[in-house]
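If you want the building blocks of each chain, they are given just below.
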Amino acid sequence: MIKDIPIIAEQAQQPRRTNPLAHVFDELMNFARSRSLFMLHYCTGCGAIELPPAMTSRFDMERLGIQPMVTPRQADILLVTGYVSIKTLKRIILTYEQMGSPKHVIGICSCTVNGGMYWQSYATAKKLDEYLPVDLYIAGCMPRPEAVISGLQKLIDNIKHGKSDNWKDYYQRYDHYLGNQQHLFGNNWQTPTDVIGEAREYGLFGPQTLGQHTELLESVQKPLQPLEMKL
Ligand code: SF4
């Protein structure tokens, strides 16, 4: 039974880089990336209403180098704007896994931190960071546009200084995240993305990438079928 499999919560160790020149290029790339970010805003809850003022002329997030993007393939930031129902969380995970790395998740609103006013709801996922690696939370019910802009500036600073590497954690501890997803969605949960293959590709395959939850996934995984169109 899925409930009998423990979820390992220990943080993975970051590998150390020894070539001093690598850091020069890292800093240059981090600076460039921090000034050119595409943001996919996944409007799940009421906090989304603060995004139009944050994007438009008064607060104008484009002056920070951040531009809205409508597809996950080109997006660098996934902005989750409020409470997340269990059904919606599945779509958020599918969206996140389609984004290219490096990628960053921001949880807006108290509902993404701890469930907020839906803390007792049977249909709501309470802590977003149990299912995806969250880089930054902007708390409040709902946070004002100033808080959204301030949170985005904090993310830019973190990217610039190479401190926003939480996306690596999804590959290094995939078994942990998958375990939490299976607890919520059931044993048959699967996504079209080969996360383990990507972990190998990025050189992030670690001792906690595989575990009992990935074994369970491999035992139930079926080839994905094209969706049937019904009018
Ligand atoms: S924190 Fe408040 S404003 Fe934000 S999604 Fe939850 S209930 Fe809505």
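About the thresholds
- Residues numbered from 1 in each chain as written.
- Predicted model: local features only at pLDDT ≥ 70, side-chain atom pairs only at ≥ 80, totals over all residues.
- Helix = DSSP H or I, 4+ residues; strand = E, 2+ residues; numbered from the N terminus.
- Rg over C-alpha atoms; globule rule 2.2 N^0.38 Å.
- Buried ≥ 20, exposed ≤ 12 C-beta atoms within 10 Å, placed from the backbone.
- Contact = placed C-beta atoms within 7 Å.
- Domains from an automatic or database assignment.
- Nonpolar A, V, L, I, M, F, W, Y, C, P; charged D, E, K, R; others polar.
- Pairing = 2+ DSSP bridges.
- Axes fitted to C-alpha atoms, helices over the stretch in contact; angles between N-to-C directions.
- Parallel < 35°, antiparallel > 145°, perpendicular 65-115°, else oblique.
- Left-handed = near helix turned anticlockwise from the far one by under 90°.
- Near = placed C-beta within 6 Å.

A. Representation of the overall build of the protein. Broken down by element type, the protein carries 9 helices and 7 strands. Here the C-alpha atoms of the protein give a radius of gyration of 18 Å, agreeing with the 17 Å that 2.2 N^0.38 yields for 231 residues. Principal axes of the C-alpha set define a box for the protein whose edges measure 50 × 50 × 40 Å. When burial is assessed residue by residue, the protein has 32% of its 231 residues classed as buried. In the protein, once contacts between residues fewer than 6 apart in sequence are set aside, the share between residues at least 24 apart is 83%.

B. The arrangement of the domain arrangement of the protein in detail. If you check the domain split of the protein, you get domain 1 (17-163) and domain 2 (165-221). Inter-centroid distance (C-alpha atoms) of domain 1 to domain 2 is 21 Å. With 17 residues of domain 1 at the interface, the matching set in domain 2 holds 13 residues. When residues of the side of domain 1 that touches domain 2 are assigned to their parent elements, the largest contribution, 6 residues, is made by helix 3 (residues 86-98). Residues that form the side of domain 1 that touches domain 2 fall into these classes: 9 nonpolar, 3 polar and 5 charged.

C. Quick peek at the sheet that holds strand 1 (residues 37-42). Spatial ordering of the open sheet is given by 2-1-3-5-7, a layout of 5 strands whose pairing is parallel. Looking at strand neighbours, the two that pair on one side only are strand 2 (66-68) and strand 7 (136-138), the edges of this open sheet. Averaged over all pairs of adjacent strands, the angle between strand axes in this sheet comes to 25 degrees, irrespective of strand direction. In the sheet, strand 1 pairs with strand 3 (residues 77-81) via 4 bridges, with the strands oriented parallel. What sits directly across from Leu-40, in strand 3, is Leu-78. Its contacts with the sheet put helix 3 on strand 1, strand 3 and strand 5 (104-108), and the angle it makes with strand 3 is roughly 165 degrees. In the packing of helix 5 (residues 145-160) onto the sheet, contacts are made with strand 2, strand 5 and strand 7, and the angle to strand 7 comes to roughly 165 degrees.

D. Examining the pairing of strand 5 more closely. Counting buried positions along strand 5 yields 5 of 5 residues, so the element is predominantly enclosed. Residues His-104, Ile-106 and Ile-108 of strand 5 are buried on one face, and the alternating residues Val-105 and Gly-107, pointing to the opposite face, are buried as well. By the bridge criterion, 5 bridges tie strand 3 to strand 5 in an arrangement that is parallel. Looking at strand 5, one finds that Leu-78 is bridged to Val-105. Pairing of strand 5 with strand 7 involves 3 bridges; the strand directions are parallel. Counted as the bridge partner of Gly-107 is Tyr-137 from strand 7.

E. Up close: the packing of helix 1 (residues 20-34) against helix 5. Look at helix 1 against helix 5: their axes get within 8 Å of each other, and the N-to-C directions meet at 160 degrees. Viewed along their axes, helix 1 and helix 5 adopt a mutual orientation that is roughly antiparallel. The crossing of helix 1 and helix 5 is right-handed. In this structure, helix 1 contributes Asn-30, Phe-31, Arg-33 and Ser-34 to the contact, and helix 5 contributes Ile-156, Ile-159 and Lys-160. For the contact of helix 1 with helix 5, a count of residues per class yields 3 nonpolar, 2 polar and 2 charged.

F. Expanded view of the site of the ligand. Residues in contact with the ligand, as listed here, are Gly-45, Cys-46, Gly-47, Gly-82, Tyr-83, Cys-109, Ser-110, Cys-111, Gly-116, Met-117, Cys-141 and Met-142. Of the residues that constitute the shell around the ligand, the class distribution is 7 nonpolar, 5 polar and no charged.

G. A look at unusual backbone geometry. Residues Ser-101 and Pro-102 are joined by a peptide bond in cis, for which omega reads -5 degrees. Relative to the elements of secondary structure, Pro-102 occurs in the loop between helix 3 and strand 5. Cis geometry marks the peptide bond from Cys-141 to Met-142; its omega dihedral reads -10 degrees. Looking at where Met-142 falls in the secondary structure, it is placed in the loop between strand 7 and helix 5. The phi angle at Asp-60 is positive, at roughly 55 degrees, despite the residue not being glycine. Relative to the helices and strands, Asp-60 is located in the loop between helix 2 (51-55) and strand 2.

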